[in-house]
Amino acid sequence: ILDTLNYILEDISPFDISSTIKEVQKAFNNLTYTHIPVKKDNTYIGCISETDAHCFDNDKKLSDYQYALEGFFVRKSTNWLDILEAFALHNTNIMPILDDDNHYIGYYELGDIMSLFNNTPFLNEAGAIIVVEKGLNDYSFSEICQIVESNGTRIF
């Protein structure tokens, strides 16, 4: 299991829902992220995308466009493969991390999680592919995995 906790970044604070679009646009001009987290009453409510922020009227507030917030996040306990999947599903390079009360803890950067992936056996060690064919009433795939893993091999 890869330790992702060392990669939690805290240098971006979520915007409050009462912030102006102009403030958000200014932040995006200084950052390279696709999204920025937004909170309401200290609780994470979603992320605003850079594309949306630049299309919205800069005199209005984030609350006027709350419908456009994207509610993706991971928990501190989420494993790195699920974190990587969340990045891909939401087409983002920043992934907010929440505690159990949906309070913002920090975020992961896509580059950091990709560097973790680059250091895994998936890319650095030779492996083998086996094709398993089984009869309908024979072993289940979980039983086959248990047999294989009890013999010192890992299945990914």
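Look up a bit, the structure's there.
Here the structure is a predicted model, which means the values were calculated and not measured. (Residues numbered from 1 in each chain as written. Predicted model: local features only at pLDDT ≥ 70, side-chain atom pairs only at ≥ 80, totals over all residues. Heavy atoms only, no water.)

*Asks:* Teacher, can you tell me more about the side chain of Gln25 here?
*Replies:* Secondary-structure assignment places Gln25 in helix α1 (residues 21–30). Not counting residues up to four positions away in its chain, the partners in contact with Gln25 are Ala53, His54, Phe56 and Asn58. (Helix = DSSP H or I, 4+ residues; strand = E, 2+ residues; numbered from the N terminus. Contact = heavy atoms within 4.5 Å.)

*Asks:* I would appreciate a short explanation of the packing of aromatic side chains in the present structure.
*Replies:* Aromatic ring pairs are reported here in terms of the distance separating the ring centres and the angle at which the planes meet. The full count for this structure, using the stated rule, is four aromatic pairs. Plain terms: the ring middles of Tyr33 and Tyr107 are 5.5 Å apart, the flat faces sit at 75 degrees to each other, and that makes the pair edge-to-face. Here Tyr33 is found in the loop between α1 and β2 (35–40), whereas its partner Tyr107 is found in strand β6 (residues 104–109), with 74 residues between them in sequence. With a centroid separation of 6.2 Å and an interplanar angle of 70 degrees, the aromatic rings of Tyr44 and Phe73 are classed as edge-to-face. Placement of the pair is Tyr44 in strand β3 (residues 43–49) and Phe73 in the loop between α2 (50–55) and β4 (74–75), with a sequence separation of 29 residues. Look at Phe73 and you get partly exposed, because its relative accessible area is 33%. In this structure an aromatic cluster arises from ring pairing among Phe56, Tyr65 and Tyr67. (Phe/Tyr/Trp six-rings, centres within 6.5 Å; stacked < 30°, edge-to-face > 60°. Buried < 20%, exposed > 50% of the residue type's maximum accessible area, 1.4 Å probe, protein only.)

*Asks:* In this structure, what is going on with the sheet that holds β2? I would like to understand it.
*Replies:* Strands pair in a sheet through their backbones, by hydrogen bonds, and they do so in one of two ways: parallel or antiparallel. If you trace the three strands from one edge of the open sheet to the other, you get β1-β2-β3, paired in mixed fashion. Of all strands in the sheet, those bounded by a partner on one side alone are β1 (15–16) and β3. Both β1 and β2 contribute to a ladder of two bridges, which runs parallel. Bridge assignment links Asp16 to a residue of β2, and that residue is Lys39. (Pairing = 2+ DSSP bridges.)

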